[in-house]
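# Architecture at a glance
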Amino acid sequence: LSEEALKLAGELGDQGIECKVLWNLLLANLHGAKMDQAIEYGEKSLSLARSLNLREQLPYTLTDLGRTYSNACRFEEADARLREAGALWRELDNMLMLNDNLNALLLNLVWQGKYEQALVIAQQSLDISQITKNTWAQCWPHQMQGKIWFEYGEIDRALDELDASVRLAQEANASIHIRWYSANLSWAYIQIGAVQKGMDLYRTTRVPNQELPAPTAWTPTAVTYALCEIATGQLDVAASTLGARHLSNSVVDYALKLAQ
């Protein structure tokens, strides 16, 4: 549909519509794990947004292009676009989209191991989401802070943050994140030796492999399931879990390759 709309926009000579359709194609390819195509469409959308001075479209394209560069392991390019978008969202006083932008920047920083910067951004995101009462947006910074504190060996703080991310995901009825974050919490318990508690949570939140489709958000969930299964001697189950996953042409592929 977007390809058809793009053709029509060209025939009409409407570059404003063309810019938005290119953004749609960026998103479709990002979530379809086609990073190279997503970047190509995103850069075209960005170029048009700049040349036409589309002040509202520009930060949308920049934010999602930043996400795409991050998924493609091009972290510096992601950082530049996300920070430019954040400044524009502040100028437009769009706190909901600034919140979304900060969460994208937060993940990009975590993937680079820039934990101190990530903790600052996480707190900024939480401050905004509490003002806007955006429960869904609060899940992510709690989850990322939990991972960071676990890496630092601050286990109590880590578990508190990971647990908060699950609870908030449940309040927001965010099904993907409930399963993803619950899997991460299960694995955290297992890593510190609380195997029974971790596996109890795993059993109550585990979903069948066929309910884990290919998009990149699901790969870490499946890999974490497999790690729990490997740790408890369920090697055949883990092999089945990993066998149901496919490379997504993104940064999360590292987790699948490592587990395999």
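Scroll up a little and you will see the structure.
Read on for a plain summary of the structure. (Residues numbered from 1 in each chain as written. Predicted model: local features only at pLDDT ≥ 70, side-chain atom pairs only at ≥ 80, totals over all residues. Heavy atoms only, no water.)

## A look at the overall build of the protein
Counted only if it meets this: Secondary structure follows DSSP: runs of H or I at least 4 residues long count as helices, runs of E at least 2 residues long count as strands, and numbering of each begins at the N terminus. Two things to know: the radius of gyration comes from C-alpha atoms, and the globule rule equals 2.2 Å times the number of residues to the power 0.38. Accessible area is worked out with a 1.4 Å probe on protein chains only. A residue is then buried under 20% of its type maximum, exposed over 50%, and partly exposed in between. Contacts: residue pairs with any heavy atoms within 4.5 Å of one another. Per-residue and other accessible areas follow the Shrake-Rupley method at a 1.4 Å probe size, with only the shown protein chains counted as cover for residues. In this tally, Asp and Glu contribute negative charge and Lys and Arg positive charge; neither His nor the terminal groups of the chain are included. The atom standing in for a charge is NZ when the residue is Lys, CZ when it is Arg, CG when it is Asp and CD when it is Glu.
A count of helical and extended segments in the protein gives 14 helices and zero strands. N-terminal to C-terminal, the α/β element order of the protein is α-α-α-α-α-α-α-α-α-α-α-α-α-α. For the protein, the C-alpha radius of gyration of 19 Å lies close to 18 Å, the compact-globule estimate for 260 residues. For the protein, the C-alpha atoms occupy an extent of roughly 60 × 40 × 30 Å along the three principal directions. Put simply, the protein has 260 residues, and 51% of those count as buried. The contacts of the protein with a sequence gap of at least 6 include a subset with a gap of at least 24, amounting to 56%. Here the protein displays about 12500 Å² of accessible surface, and carbon together with sulfur accounts for 52% of that area. When the 22 basic and 31 acidic side-chain charges of the protein are each reduced to a single mean position, those positions are 1 Å apart.

## What about the pattern of salt bridges?
We count it as follows: When a carboxyl oxygen of Asp or Glu lies within 4 Å of a side-chain nitrogen of Lys or Arg, that pair is called a salt bridge.
Evaluation of the coordinates by the stated rule reveals 12 salt bridges. Residues R50 and E84 are paired through a salt bridge, measuring 2.7 Å at the closest nitrogen-oxygen approach. Highlighted residues: R50 in helix α3 (residues 35-51) and E84 in helix α5 (residues 75-92), separated in sequence by 34 residues. A salt bridge links R67 to D100; its shortest N-O distance comes to 2.6 Å. A residue pair is termed long-range when its members are at least 10 positions apart, and R67 in helix α4 (residues 57-71) and D100 in helix α6 (residues 95-111) qualify at 33 residues. The class of D100 is buried, set by a relative accessible area of 18%. Salt bridges sharing common partners tie together D64, R67 and D100.

## A closer look at unusual backbone geometry
Of note in the backbone geometry, K133 takes a positive phi value of approximately 60 degrees without being a glycine. Tracing the backbone through its elements, the reader meets K133 in the loop between α7 (115-132) and α8 (135-151). Of note in the backbone geometry, N173 takes a positive phi value of approximately 55 degrees without being a glycine.

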